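Structural overview for review
Spelled out from the first residue to the last, the chains are:
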Amino acid sequence: MAVAAILSPLTLVLGGARSGKSRHAEALIEMVPAPWTYLATAQAYDDEMRARIAEHRARRSKEWMTIDAPLDLAQAIRAVPAGQPVLVDCLTLWLTNVILAEQDVAAASRELVEACVAARGPVVLVSNEVGLGIVPENALARRFRDEAGRLHQMLAARADRVIFMVAGLPMQVK
């Protein structure tokens, strides 16, 4: 069976912290034959983040090829071999990196969306839905929430499938 028949060309998996986003996204990708590419956006600045990264790596099999892409995510997507499924985990960490690097968020977001749409294989994107809570008390946090919301809207508009994870359960939105 063709990869495209099993896995949508572009899938966006949203949800809160520890909602099962990554596990679900990995399971989607693993429905098709390996090899699979995992584009990791996290940067390990402290022990807690190093532990999270180690946990994610430990549950993935050797068929996964992990590439660190904390900033140039669009280029990393473009570099994935034709037909090979790619999982991006996660967009909110990537967005944090872009903001803290003082890059043009709007331009980077547009480039990312275009790279996803033009990808030569299925793409599954993982991101935290951060806009459901209270209004953050500081300007940087409010900017992050707003930029994440804009990025999610851009990607959801172009995605073939959007899934919202709640308590480990996938809810198909689109």
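Scope of this entry: the structure provided in the associated data block. Only a predicted model underlies this, so the values are computations on that prediction, with no experimental measurement involved.

**Here we look at the packing of helix α5 (residues 91-100) against helix α6 (residues 105-118)**
Running from N to C, α5 and α6 point in directions that differ by 145°, and their axes come no closer than 10 Å. In the packing of α5 onto α6, the handedness of the crossing is right-handed. Residues L91, W94, L95, V98 and I99 of α5 form the contact with α6, whose participating residues are V105, A108, S109 and L112. Its residues assigned to classes, the contact of α5 with α6 comprises 8 nonpolar, 1 polar and no charged.

**Considering the pairing of strand β2 (residues 36-40)**
Counted residue by residue, β2 has 5 buried out of 5 residues, so it is predominantly covered. Burial along β2 is two-sided: W36, Y38 and A40 facing one way and T37 and L39 facing the other are all buried. Here 5 bridges tie β2 to strand β3 (residues 64-68), and the two strands are oriented parallel to one another. The residue of β3 that forms the bridge with A40 is D68. The handedness of the β2 to β3 crossover, carried by helix α3 (residues 47-59), is right-handed. In this sheet, strand β4 (residues 86-89) lies alongside β2 in parallel orientation, the contact comprising 4 bridges. Across the sheet, the residue bridging to A40 is D89, located in β4.

**Description of unusual backbone geometry**
With an omega of 10°, the peptide bond between A34 and P35 qualifies as cis. Within the secondary structure layout, P35 lies in the loop between α2 (21-29) and β2. For the peptide bond that leads from D89 to C90, omega is 0°, which places it in the cis range. Examined against the element boundaries, C90 turns out to sit in the loop between β4 and α5. The phi angle at R18 is positive, at roughly 55°, despite the residue not being glycine. By the secondary structure assignment, R18 is in the loop between β1 (10-15) and α2. With relative accessibility at 56%, the residue R18 sits in the exposed group. In this structure, A167 takes a positive phi of about 50° despite not being glycine.

Analysis parameters
Residues numbered from 1 in each chain as written. Predicted model: local features only at pLDDT ≥ 70, side-chain atom pairs only at ≥ 80, totals over all residues. Heavy atoms only, no water. Axes fitted to C-alpha atoms, helices over the stretch in contact; angles between N-to-C directions. Helix = DSSP H or I, 4+ residues; strand = E, 2+ residues; numbered from the N terminus. Left-handed = near helix turned anticlockwise from the far one by under 90°. Contact = heavy atoms within 4.5 Å. Nonpolar A, V, L, I, M, F, W, Y, C, P; charged D, E, K, R; others polar. Buried < 20%, exposed > 50% of the residue type's maximum accessible area, 1.4 Å probe, protein only. Pairing = 2+ DSSP bridges. Right-handed = clockwise from strand over helix to strand, strands pointing away.

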